[in-house]
Every structure is written in C-alpha cells, then in structure tokens.
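Chain residues, written in single-letter form:
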Amino acid sequence: MDALRKLPPPPGAKEAGGYVMGHVAAHRLYENGLTTQVVDQAYALLDRSKAPLVRTLTASYVPGRESLDILRAERITASGDVIEGDVQEADPSGRQMGVYTDRRRVTVTFGVVGPGDIVRLRYRIDAAGERNMFGDFFGLTEFAQELFPKASMDVVVEAPKSRVLVHKSVRLPAMTQRTQGNVTTYRMHADNLPALAVEPYMPPYTEVGGYLTLSSYARWEDMGRWYQSLIKDQLTLDAPLKKLAAELVAGAENDDEKIRRIHRHVLQQTRYVGIELGIHGWKPYRVTQVHARGYGDCKDKASLLVALLKEVGIDARMVLLRTTDQGPMTDLPSMWTFNHAIAYVPSRKLFLDGTAEFSGMQELPAMDQEAVALTVDVATGAVERVSPPLAPSTANQNLSDYVIELDAQGAAQLQGEERFTGQRAPDERMRYQDPATQASVMERDFTSIYPGAQVENVKFLSLASLDSAVHYKFSAQAPSFGGREGEDVLVPITLYPHEMEREYAPSAARVHDVVIRFPFLTRNRMRFVVPPGYQVKGLPASVQINTPHFEFIQTITPQPDGYLVEETAHLKSRRIPVKAYPQFRQALVEADRRMRHKVRLVKTAGAPQARKP
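Note that residues are indexed from 1 along each chain, following the sequence as it is written. With the structure being a predicted model, the display of local features is reserved for residues of pLDDT at least 70 and the display and counting of side-chain atom pairs for 80 or more, all residues being used for whole-chain, interface and lining totals. Note that the side-chain values use all heavy atoms of the structure and ignore hydrogens as well as water.

**Focus on the packing of aromatic side chains**
Stated precisely, the cut-off is as follows: Here is the rule: rings of Phe, Tyr and Trp (six-membered ring for Trp) pair when centre to centre is within 6.5 Å. Planes less than 30 degrees apart are stacked, more than 60 are edge-to-face, and the remainder are tilted. Runs of E in the DSSP output that reach at least two residues are strands. Runs of H or I that reach at least four are helices, and both are numbered from the N terminus. Residue burial is assigned from relative accessible area. The probe radius is 1.4 Å, only protein chains are included, and a residue is buried under 20% of its type maximum, exposed over 50%, and partly exposed in between.
Applying the stated criterion across every chain yields a total of 22 aromatic pairs. Here Phe143 and Tyr205 contribute two aromatic rings whose centre-to-centre distance is 5.3 Å and whose plane-to-plane angle is 90°, an arrangement assigned as edge-to-face. With a gap of 62 residues between them, Phe143 in strand S11 (residues 139-143) and Tyr205 in helix H4 (residues 205-208) connect regions that are remote in the sequence. Since its relative accessible area comes to 19%, Tyr205 is described here as buried. Ring geometry for Phe528 versus Tyr563: centroids 4.8 Å apart, planes at 15°, classification stacked. On the criterion of sequence distance, the pair formed by Phe528 in strand S32 (residues 520-529) and Tyr563 in strand S36 (residues 562-571) is long-range, its members being 35 residues apart. As far as the burial class goes, Phe528 and Tyr563 line up, both buried.

**A word on the pattern of salt bridges**
Quick reminder of the rule: Throughout this description, the term salt bridge denotes a Lys or Arg side-chain nitrogen within 4 Å of a carboxyl oxygen of Asp or Glu.
Overall, the coordinates contain 40 salt bridges when judged by the stated rule. A salt bridge links Arg75 to Asp117; the shortest N-O distance between them is 3.2 Å. Within this pair, whereas Arg75 is found in strand S4 (residues 66-76), its partner Asp117 is found in the loop between strand S9 (104-109) and strand S10 (118-127), the two being separated by 42 residues in sequence. Asp445 is the partner of Arg431 in a salt bridge, and the nearest nitrogen-oxygen pair spans 2.9 Å. One end of the pair, Arg431, is in helix H10 (residues 424-431); the other, Asp445, is in helix H11 (residues 438-449), with 14 residues separating them in the sequence. Each of the salt bridges in this network shares a partner with another, and the network as a whole consists of Glu257, Arg260, Arg261, Arg264 and Asp467.

**Remarks on empty space enclosed by the protein**
Applied cut-off: Cavity means a closed set of points on a 1 Å grid over the protein atoms alone, one where a 1.4 Å probe fits but cannot get out, pocket means an open set with protein on both sides within 12 Å along at least 5 of 7 lines, and lining means a residue has an atom within 4 Å of a point. Grid points are joined across faces, edges and corners, and a volume is the space filled by probe spheres set on the points. Residues were grouped as follows: Ala, Val, Leu, Ile, Met, Phe, Trp, Tyr, Cys and Pro as nonpolar; Asp, Glu, Lys and Arg as charged; and all remaining residues, including Gly, as polar.
Within this structure, the stated rule accounts for three cavities of 30 Å³ or more. Taken together, His263, Phe351, Leu352, Asp353, Ala356, Ser359, Gly360, Met361, Glu363, Leu364 and Pro365 make up the full set of residues lining the largest cavity. Grouping the constituent residues of the lining of the largest cavity by class yields six nonpolar, three polar and two charged.

**Side note on the side chain of Glu74**
What counts, and what does not: Definition of a polar contact: a pair of N or O atoms within 3.5 Å, with one able to donate and the other able to accept a hydrogen when the atoms are protein atoms, and with sequence-neighbouring residues admitted only if both atoms are side-chain atoms. For this analysis, residues touch if any pair of their heavy atoms sits within 4.5 Å.
Within the secondary structure, Glu74 sits in strand S4. At a separation of 2.7 Å, a polar atom in the side chain of Glu74 contacts the side chain of Arg72. In contact with Glu74, other than residues within four places in its own chain, are Val82, Ile83, Glu84, Gly85, Phe110, Ile118, Val119 and Arg120.

**Quick notes on the sheet that holds strand S1 (residues 18-29)**
Note the threshold: At least two DSSP bridges between two strands are required for those strands to pair. Whenever a helix is involved, its axis is fitted only over the stretch in contact; in every case the axis is a line through C-alpha atoms, and angles between N-to-C directions fall within 0 to 180 degrees.
Pairing within the open sheet is mixed, and its eight strands lie in the order S5-S4-S10-S2-S1-S12-S15-S14. Pairing within the sheet leaves two strands with one partner each, and these edge strands are strand S5 (82-84) and strand S14 (176-180). Direction aside, the axes of adjacent strands within the sheet are offset by 15° on average. Pairing of S4 with S10, which is carried by ten bridges, proceeds in the antiparallel orientation. Pairing of Arg75 across the sheet is with Val119, part of S10.

**Some words on the layout of surface pockets**
In this model, the second largest pocket occupies a volume close to 1,100 Å³. Around the second largest pocket, the lining comprises 32 residues; the ones closest to its centre are Asn398, Phe420, Arg424, His498 and Thr522. Contributions of two or more residues to the lining of the second largest pocket are made by strand S25 (397-406), strand S26 (412-420), H10, H11, strand S28 (470-478), helix H12 (500-504) and S32. When the residues that make up the lining of the second largest pocket are grouped by side-chain class, the tally is 16 nonpolar, six polar and ten charged.

**Quick word on the packing of helix H6 (residues 239-249) against helix H7 (residues 255-269)**
Counted only if it meets this: What sets the label is the angle itself: under 35 degrees gives roughly parallel, over 145 gives roughly antiparallel, 65 to 115 gives roughly perpendicular, and the rest give oblique. For any helix crossing, the convention is left-handed if the near helix is rotated counterclockwise from the far helix by under a right angle, and right-handed if that rotation is clockwise.
Interhelical geometry of H6 versus H7 gives an angle of 125° and a closest axis separation of 9 Å. By the criterion of interaxial angle, the relationship of H6 to H7 is oblique. For the pair H6 and H7, the sense of crossing is right-handed. Where H6 approaches H7, its residues Leu244, Leu248 and Val249 are matched on the opposing element by Lys258, Arg261, Ile262 and His265. Among the residues making up the contact of H6 with H7, the classes are represented as four nonpolar, one polar and two charged.

**Quick notes on the sheet that holds strand S33 (residues 534-537)**
With respect to topology, four strands assemble into an open sheet ordered S29-S30-S38-S33, the strand pairing being antiparallel. Two strands close off the open sheet at either side, each with one partner strand: strand S29 (483-485) and S33. Recorded for the sheet is a direction-independent mean angle of 35° between the axes of neighbouring strands. Direction of pairing for strand S30 (residues 488-492) relative to strand S38 (residues 598-603): antiparallel, over a ladder of four bridges. Counterpart to Val489 in the pairing with S38 is Leu601.

**Notes on unusual backbone geometry**
Comment: phi is negative for the bulk of residues other than glycine, and the bulk of peptide bonds are trans. Positioned with a positive phi, Arg171 is a non-glycine residue whose angle comes to about 60°. Its identity as a non-glycine residue notwithstanding, Tyr201 has a phi of 55°, on the positive side. A relative accessible area of 27% places Tyr201 in the partly exposed class.

**Digging into the environment of Arg484**
Within the element layout of this structure, Arg484 appears in strand S29. The spatial distance from the C-alpha of Arg484 to the C-alpha of Met442 is 27 Å, given a sequence separation of 42 residues. One polar contact links the side chain of Arg484 to the main-chain carbonyl oxygen of Ala408, over a distance of 2.7 Å. A distance of 3.2 Å separates polar atoms of two side chains, one belonging to Arg484 and the other to Tyr534.

**Concerning helix H9 (residues 298-311)**
Put simply, the rule reads: Each residue after the first adds 1.5 Å to the expected span of a helix.
Between the first and last C-alpha of H9 there are 20 Å, a value that for 14 residues agrees with the 20 Å anticipated at 1.5 Å per step. Taken across its 14 residues, H9 has twelve buried, putting it largely inside the fold. All buried positions along H9 are accounted for by Cys298, Lys299, Asp300, Lys301, Ala302, Ser303, Leu304, Leu305, Val306, Ala307, Leu308 and Leu309. Taken from the residues just after H9, Gly313 is the one with a positive phi, measuring 90°.

**Here we look at the pairing of S25**
Judged from the nine bridges that link them, S25 and S32 form a sheet pairing that is parallel. Bridging from a neighbouring strand, Gln397 pairs with Leu521 of S32. Between S25 and S26, which follow one another and run antiparallel, lie five residues, and Gly410 among them has a positive phi close to 95°.

**With respect to H11**
In plain terms, the rule: In this description, the arc belongs to the directions extending from the helix axis to the C-beta atoms.
Along H11, the residues that are buried comprise Gln438, Val441, Met442 and Phe446. Take H11 and look down its axis: the buried residues cluster within an arc of 140°, on one side only. In this structure, H11 carries Arg444 and Ser448 as exposed residues pointing more than 90 degrees from its buried face. Elements that come into contact with the buried residues of H11 comprise S26, H10, strand S27 (454-462) and S28.

Below, the structure is given as structure tokens:
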C-alpha cells in the first residue's frame, strides 16, 4: 500500500475528490463450469465531501450456490493507522427492490473517512456444488468506470484450454490471451481511466463508459439453442390450460382479436412478481404453475403468452431483451446482455410485454422500444436479433380542452376534458384505477400548482379498456389561480406551465446527449372567460418556436367574452445530441417564458365593485 501511495494520482483525481488506486478482478473457470472470483480494490480520498462514496463498499453472493470470504477490509489513515472495516450482511434473502431473490449483499463500513485515508476491500467468491447450473454457458461482464478516476484496472480470466472464450472490449484496451499447458489466460490492463461524468437524462452506462464482456458462445445461434433447451418443457400446456385457450378465443373474428384477448388475460389474471431464485433467474416456471398461482415474473408471463398463442394457432416467440435504460451491449452472444423477457408475434410484427399491466396491446413500454432484443423460437431454438421500433412522438399525446371562468379576485372555475394516448395512457390508468381516489389524486396535481384548488367532480369516459385512450371530464375551482393588482386582475396565460427548462435542460452546457423516456406531444386548448366589467389589456402576440428536437406553438385569439389560448409543446426526439443542446435549451427557455406570461384584466367604467378578499 505504501508503494501505491507513492504513485501519482490519475488525471482528474483532485477535481473528483478522490480516486481508485487500483482495481483487480480475477476469475478462474474450471472444467465443470464452476468458478472462483477474487476482487481487490483500493480507494484514496482527497476531499472530505466525497467521503460517502467510499465509506461503505459492498459485495454480493448467493448462499448455497456460492461462498463469500472477506479477505481484507480496512481503512488506512493518512498517519498510517490501520482500522478494520465493519462487515455485515446488509439484507437477507427474500424480496429486494420488488424482486424475490436468493442473492445476499455484504456491506463493509469504514467509519469516518478523511482526506488522505485509503479504504481497501478484497474478497473471494467460490461457486459451490459439482457443476454449473447453467450447463456449458459461461459469461462475464466487467464495467470499468465510476465517479472516481482509476489509476489502474486489471481483469484476468483463467479458463481451461478446452473452454474457448470470445471477448470484446468497449472503450478499453483489448484483452490479450495466452495459453500455457491446459490453461488459457485472458487479460486486460488499463491505466488512468477517467471518472464518469454524471448528468440528468444522460445515456446509459454502456454508451458512455468502458466495459468488457466474455462468453463461451461465439454465435447467437449457439446461445439460442442452449436457451431453447432450458425453457422448452416449461411451455407445455395441460388439459385445463388448453381448454382455457379455446375459451378465450371462442367467437373471435380474427387473429388480432385472439391476440388481444390472450394478451388481456395474461395481463389481468397473472400478477407481476419478480422472481430470481436459483436457475429461475433465467428459466421460467412451468406455465401451468404460473397460471395456477396467478403470478409470475417477466419470463413467466412471456412464456404464458407464447404458449397460449401457439395453442390457438398463432406463432409466437420468446424475446430476451435488454431494456433501453441499461443501454446497448456489444454483439457478443451472452445471456448477461439481457435483463427482461417479452413475447413476439412475427405475423403482426407485434411485441407484447406481459409485465405492463396498464398498457394496451399497441402500447409497448418505452423501456422496450429500441431495445436490444433476441427472439427465440421455442420449438427449434432459431434466433433473430431485433429491436422493437420507437413509437413516434405523435403517438404519445395529451390533448386537453378547458373553459376557465375568472372572477374579479383572480379565482377560476374550471371545466376540463383530457385525453391520453400511447405512452401517456398507462400511467394515467394506474394513477386513477381506484374510483374512490380519482378526485383526490387529481386534486393533488392541482394543489401543487394552485394551492387551495378543489376538484368538484370527475367522470372517466374510458379507463378500464386497455385499447382505448384514457378520456375523462372534470370540474374544479382554483381560488389562487390569479390575483389582484390594484383594481386590475393578473392571471396566467396558461393553466399548466410545463417548466421544460427545469425538467430537461437545467444545465447551461452538457457533456452527454439528452435521452428522455419517450418523445411526446401535449396540446392544450384554454378558453378564458373574463369577469363582468373587465376587459383584456395587452394580449401577447402568438408565437411559434421550431427546432429539430422541440417545437412550441402558442396561438392567442381575442374572444367576445375573453380570449382563447391554444398551446402545443412537442418534444419530437427521444435523444438530443450534445451539439444540438444549446439550441434545444434556448427553445425551452423561451417556451417557459411564454407560458409564464401574465394577462392583465382591466376594470371598466360601471363594473361591479369587487369584493374585498
């Protein structure tokens, strides 16, 4: 450790407030598929404010399948004192972050870490048992960068000569390999890895950070056959499930209706519960079991969708998918690429996510759109690399129509109508699913903008149907919508200021592209009725702001009893490149400025006397 102290910190260490002195990850793969892993990492703290980043380090393992030994856990103070870290099991097996898993996490706490201190954690994980539960498959992914720069990083994998591994490095030096006797050693060494710049709405790690991956499969076809052999028996229907499939599609006029009925049944009659216990982190439970107990995880629900569709004569495939929030991976075949499973109907080019319980058949969740995906034919093991398409912004709409009657104190009585489609609809269905809380949920939204607002009634015209837009009407009052200034009344030009700059472009400059969940279009039509004896003074001019990634239109038209404001905020792209960010941000700033404008209502001669507040 003294030798490490003498080495110069990597570039950017001072600005980051600390650095990784060294990181070593060594793996050994044995003939029977079992593995040993040793990880050794040391951090040097330079800035006290960054202490939370190194105060606690973690390691995880699966009891019964693996053993974990903490080999070294210590804090070395600037004066040279060595203080042992406090090692604890952080959580038991069971439900963690919404998923049932048998993985446990061990935390090592190093107490009060100060500038000049070093923390070090070295641990070993050995696989237990006589053979790898994944059969011939071995895969590994190592992510290299973090919030501190790294002075050095080494990844070493030793494998039997007979177990040839393919490998690929992204934004890292290429791995080397050398065979001596019956062992092949794969090695990657990197110096001075920069810290990862973190921003809101940044691309996922795999698009901006360095990583490497290894796999025992050289072709996707090989991996597809392995996965097919793992799951094919799980999709076998028994007599009751075959009968159910026939009942579900009885009287259906066409295949689209059959798909819709089966999709709805799986969504509504099997509850989503994440289950990653043992081999079932990869292998679905039998569809008969999933149906009988009424719940399952993504691969369970995808399997049930595929099995029921195939039973009624509609070809369907399992889809292994890496959601877009995880980012794309290399084209190297590996099960570690994927974190989700859905179903695919080739004849309709239709992707169905059985976990999206508030989404219609044509409302594939945003995290699935443009994702890295692999379809697997359960009968043959044939595979196809695909990417579910991104729905256009115009598919994800919120269309609103309001009548806003103002009084002489600036209060407003509202009559409104809302429609949500595409990615805007599932969230609304989930928020308003309970009729008893619909008004209170809506009222919370209003009061966050206009304190004291009250929703008087709400009526949903379509909510239960997953194949229709969410459509409702409501009435409300907002006593603090506007306010008085002398004898005049000041009221906002818009009902819902979007605060686009604060949400999507708070920084003056960017390091990374801006990546949002999905592009969208919001259109509000607001007819303002002024109080008796008042007239509108100085309505602003209409405006149109149009850039490649964002468009804002505000059309203002005088009316005999007030004025009409029609607004469109159109975020046209899912991704805004760094080069386009200054123009994009300026457009948002100007749109926000227009939506914050106040309209002055001037009292006319002979107007009724305003009541005192």
